[in-house]
Every structure is written in structure tokens, then in C-alpha cells.
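So the chains spell out like this:
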Amino acid sequence: MSLFKNTLWFKRFAILISFIIVSLILWNTYVFFQKFKDEERVKMEILATAQKELATNTDLNANVDLPLKVIESSNNIPLILVDENGKIESFQNLDAIKSLNPEYVALQLAKMKSENEPIEISYKGENKKLIYYRNSDLLNKLTYYPLALILILILFLSVIYLFFNSNKIAEQNKLWTGMAKETAHQIGTPLSSLLGWIAILKMEKVDDKYVDEIEKDVHRLNTIANRFSKIGSLPELKKTNIVTETETSYNYLKSRSSKQITFSFSAPQEEIFANLNSELYSWVIENLIKNAIDAMLGKGSLNVQISATTKHVKILVSDTGKGIPKSQQKQIFKPGFTTKKRGWGLGLSLSKRIINDYHKGKISVKKSEIGKGTTFEVLLDKV
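None of the values given here were measured: they were computed from a predicted structure. (Residues numbered from 1 in each chain as written. Predicted model: local features only at pLDDT ≥ 70, side-chain atom pairs only at ≥ 80, totals over all residues. Heavy atoms only, no water.)

**Student:** A description of the overall build of the protein should follow, citing residues and the corresponding values.
**Tutor:** When you go through the protein residue by residue, the secondary structure sums to eight helices and eleven strands. Counting over 383 residues, the protein shows a buried share of 32%. In the structure as shown, the protein presents an accessible area of about 24800 Å², 58% of it carried by carbon and sulfur atoms. (Helix = DSSP H or I, 4+ residues; strand = E, 2+ residues; numbered from the N terminus. Buried < 20%, exposed > 50% of the residue type's maximum accessible area, 1.4 Å probe, protein only. Areas by Shrake-Rupley, 256 points an atom, 1.4 Å probe, with all protein chains shown as cover.)

Below you can see the structure in the form of C-alpha cells.
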């Protein structure tokens, strides 16, 4: 609990610091952008003064080195000079090849008019000209600087989130594995005692029918204990007849389910082999059948069908229950997701892990209609 609380506070602190950093970046970039823009305006005003100095100079012997130097040094800000009638007289710092096209120059002029106010050049109110200019390439690149920093910050926060999330998942997996193994250990002790009592019952010549049923349930408990003991470790797979294995689980639940459910099982006559861990595979089949029974509220039809191709074996578990909404069909395999009032939402997530991770197969909702039922499909490699 303490670790969770500390992690939560750290996340909140990280989000707050990130927000402050982003705000400072945006504010400082805006201030720098405006300052740089003002400096470019001052440069254009100095350039306008130099242009005016050259235009009004009548002394052929006057020194015009300074105005010329000012004009030549303004080589990073695109500008266009127009007369009082709006006719373009000259331009500077535009693309040399593209500027041969009048449409390109006109387009640049329109862009300059939208970005900055023009600077007027005139002498005693006559021969008025206007200098239009746009932001330099450096200033334009500066506008993307905050975006790049924000993206980097988002990437950094994403890495932090994934790191903590993976740690949390690892801790949860470790907890569930420990609980499962401890459960298996706790079940093992009374199981040994029950097996001893069964032996005594046989010696006492109790009706074999009752003893056999008790023995089946004890073996069932032993199977469950073995399943839990395998969680968290890589199970051993063996070449197994999948028809027999599926039918065994099917028959066990059929005999212990409501008589108002019509059960049916169909499979090829020949043996179909796949690499299985029998205890875990039967757990998947039982989970699917139990979910089907729950979905039908103890009344309806349930069908288990096995078919095979040259490479795969397919197991379908169908019911006539309430169906699964499309919005939930991708969520039902997530740990903790359940629509039942009682349940941990672990059955289908464990089934998916057993089939996908351990058996390298696939489990999915093949089809489902509200009020008509659902069909689950398990697909495994055939051997």
C-alpha cells in the first residue's frame, strides 16, 4: 500500500513538473520569438533608411559605403519593394529560380502583407515606396521549437509511464503466481487425507457407485491443484489426442450441470493430436463451458465441436445465451474484466494466456449476437 501511494504521488509530481516545464518553454519561446521579431523589424527600418539615403542622395562624390553595406548585410530576411501604385520594383533574398515566376513573387508578397506591416520610404511625402517583408527562415524554424520539445517531453513521460506500468504488472503477476502456488500447496494437504479416506471406504465395502464419484471429485481437486502449481512456470507439452482430452472435460461438466441444458458434442472419429499440457488445456475448455452455462442462466443449448485441417485443429464452444456486445468482445480477455456480479474476471484472461502463450495457439470470439448466443474458437497447431 505504501509503495502504491508513493508511486501515485511520484506520478502526480512528475505530471506537475512536466506541466511547469512545458509552460516555461512555451512562455520563453514566445518572449524570444517576439524579441527576435522586433529585432528583424528594426533591421528592416535601418534598411529602409539606407534605401532612402541612396534614393535621395544627389552628391555624386558623397560616401555611400555605409548605406550599401547595410543593404548588402540584410541577406536573411526576404523582402519586396513596391511603388505607391503597388507595382513590384525589386525583391531580395527570395529563391533565385522560383522568383523567375511572377506568380511566385506575387504569392510571396501576399504572404508578407499578412505577416508584417510594411515600412514606408518617402522623401518629403513624395515618391512613396513600401518595403514588405516576411519572417526569416530562422524565425520560422523557431516556431516549431516548442513543438519539438513538447514531443520529446511526451516521449519521456510515456517511457516513465510504461516503466511504472510494467513494474506494476510484474508485481501483480508475481502476486497472482504466489497466490496460485500457495493455493495448490494448501489444497495438497487435505487431498492426501481424502485419498486415505477413500481407501478406507473401499475396505469398508461402501457402495462402489458413491466411492467412484467421490474419487472422481478428489482427482478433480488434484487436477485443480496441479493447474495452480503450473501458473508462472513454463508447462511441459506432450503429444495428446485432443478429442479425448476435450471430451473428458465436457463429460465431467455435463454430468454436473443443469438438466435443462441440452449438451451436444461432435468430433471426427479418428484421433487428432496436438502438443498439449492436459491439465491447463482442460482448464480452458472448462472455463469456456462454464461461461456458456452462466450466459444461458442454466437453460439452453451448448455445443462443443472439433474439426481439423492439414495444419490446425479447431475447437468451437457455442451457447444460446445472452451474447456479448461488440464493445466488450475485445475486453473480455483482459484481466479483471467481468460482467458477472460474482467473479474476478480471470477465467478468460488465463485461458488466453494458456492458449496463446503456452500452446502458441489462438482463442477468440468467433461470433456473438445479443439474445442469440456466442461461439468461442480455440485454434491449435496439429501434429
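**Student:** How would you sum up helix 7 (residues 278–295)? Please name residues and give values.
**Tutor:** Between its terminal C-alpha atoms helix 7 stretches 26 Å, which fits the 26 Å expected from 18 residues at 1.5 Å a residue. Where burial is concerned, most of helix 7 is hidden: 14 out of the 18 residues are buried. Once helix 7 finishes, leucine 297 follows within two positions and takes phi at roughly 55°, a positive value. (Expected span 1.5 Å × (residues − 1).)

**Student:** So what's going on with helix 8 (residues 347–358)? Residues and values would help.
**Tutor:** The terminal C-alpha atoms of helix 8, which comprises twelve residues, lie 16 Å apart, in line with the 16 Å expected from a rise of 1.5 Å per residue. Where helix 8 is concerned, the buried positions are Leu348, Ser349, Ser351, Ile354, Ile355 and Tyr358. At the C-terminal side of helix 8, lysine 360 shows a positive phi close to 55°.

**Student:** Would you mind going over the packing of aromatic side chains in detail, with residue names and values included?
**Tutor:** All told, the structure shown has three aromatic pairs when counted by the stated rule. Here a set of aromatic residues connected by ring pairs shows up, and it is made of Tyr250, Phe263 and Phe265. Cation over ring: lysine 113 sits above tyrosine 132, and NZ or CZ is 5.5 Å from the ring centre. When the ring centre of phenylalanine 273 is taken as origin, the NZ or CZ atom of lysine 239, which lies over that ring, is 5.1 Å away. (Phe/Tyr/Trp six-rings, centres within 6.5 Å; stacked < 30°, edge-to-face > 60°. Lys NZ or Arg CZ within 6 Å of the ring centre and 35° of its normal.)

**Student:** Outline unusual backbone geometry, supporting the account with residue identities and numerical values.
**Tutor:** Here the phi dihedral of asparagine 93 falls at roughly 65°; this positive angle occurs in a residue that is not glycine. Locating asparagine 93 in the fold gives a position in the loop between strand 2 (88–92) and helix 3 (102–115). Asparagine 93 gets classed as partly exposed once you look at its relative accessible area, which sits at 27%. Positive phi outside glycine occurs at lysine 360, with the angle close to 55°. Its location among the elements puts lysine 360 in the loop between helix 8 and strand 10 (362–369). Classification of lysine 360 by relative accessible area gives exposed; the value is 60%.

**Student:** I'd like a rundown of the environment of asparagine 135, residues and numbers included.
**Tutor:** Examined against the element boundaries, asparagine 135 turns out to sit in the loop between strand 4 (126–133) and helix 4 (137–203). By relative accessible area, which is 7% here, asparagine 135 ends up buried. With 98 residues separating them along the chain, asparagine 135 and lysine 37 place their C-alpha atoms 7.4 Å apart. Residues within four places of asparagine 135 in sequence aside, it is in contact with Phe33, Lys37, Glu40, Pro78, Glu115, Asn116 and Asn140. (Contact = heavy atoms within 4.5 Å.)

**Student:** Give a description of a nonpolar patch on the surface that names residues and reports values.
**Tutor:** A cluster of nonpolar side chains, contributed by Phe13, Leu16, Ile17, Phe19, Ile20, Ile21 and Leu24, occupies part of the molecular surface with about 660 Å² of accessible area. By the secondary structure assignment, phenylalanine 19 is in helix 1 (residues 2–56). By relative accessible area, which is 57% here, phenylalanine 19 ends up exposed. (Patch = residues over 30% accessible without salt bridge, like charges linked within 9 Å, V, L, I, M, F, W, Y side chains within 5 Å. Salt bridge = Lys/Arg side-chain N within 4 Å of Asp/Glu carboxyl O.)

**Student:** Lay out the packing of helix 7 against helix 8 in plain terms, naming residues and giving numbers.
**Tutor:** At a closest axis distance of 9 Å, the pairing of helix 7 and helix 8 adopts a crossing angle of 145°. Every pair of crossing elements has a handedness; the one defined by helix 7 and helix 8 is left-handed. Along the contact surface, helix 7 presents Leu280, Tyr281, Trp283, Val284, Asn287, Leu288 and Asn291, while helix 8 presents Gly347, Leu348, Leu350, Ser351, Ile354, Ile355 and Tyr358. Tallied by class, the residues present in the contact of helix 7 with helix 8 amount to ten nonpolar, four polar and no charged. (Axes fitted to C-alpha atoms, helices over the stretch in contact; angles between N-to-C directions. Left-handed = near helix turned anticlockwise from the far one by under 90°. Nonpolar A, V, L, I, M, F, W, Y, C, P; charged D, E, K, R; others polar.)

**Student:** I'd like to hear about the nonpolar core, residue by residue, with values.
**Tutor:** With 38 residues, the main nonpolar core has Ile242, Ile289, Leu302 and Ile315 as its most contacted residues. The contacts of isoleucine 289, once residues within four sequence positions are left out, are Tyr250, Leu253, Phe263, Leu302, Val304 and Val317. Counting residues in hydrophobic clusters, the runner-up holds ten residues, among them Met44, Leu47, Ala48 and Leu81. (Core = buried A, V, L, I, M, F, W, Y, C linked by side-chain atoms within 4.5 Å.)

**Student:** Mind laying out the packing of helix 6 (residues 242–254) against helix 7, listing which residues take part and the relevant values?
**Tutor:** Running from amino to carboxyl end, helix 6 crosses helix 7 at an angle of 45°, the nearest separation of the two axes being 9 Å. The orientation of helix 6 relative to helix 7 falls into the category oblique. As for how helix 6 packs across helix 7, the hand of that crossing is right-handed. Facing Ile242, Glu245, Thr246, Ser249, Tyr250 and Leu253 of helix 6, the residues of helix 7 in contact are Ser278, Tyr281, Ser282, Ile285, Glu286, Ile289 and Lys290. Its residues placed into classes, the contact of helix 6 with helix 7 shows six nonpolar, four polar and three charged. (Parallel < 35°, antiparallel > 145°, perpendicular 65-115°, else oblique.)

**Student:** Now, about the sheet that holds strand 8 (residues 300–308): what can you tell me, with residues and values included?
**Tutor:** Judged by pairing direction, the sheet is mixed, and its five strands sit side by side in the order 6-8-9-11-10 without closing on themselves. Each edge of the sheet is formed by a strand with only one pairing partner; in this case those strands are strand 6 (261–266) and strand 10. Strand-to-strand twist across the sheet, computed as the mean angle between neighbouring axes with direction ignored, equals 15°. Sheet topology places strand 9 (residues 312–319) next to strand 11 (residues 373–381); seven bridges connect them, and they run antiparallel. In the strand pairing of strand 11, histidine 312 is matched with aspartate 381. (Pairing = 2+ DSSP bridges.)

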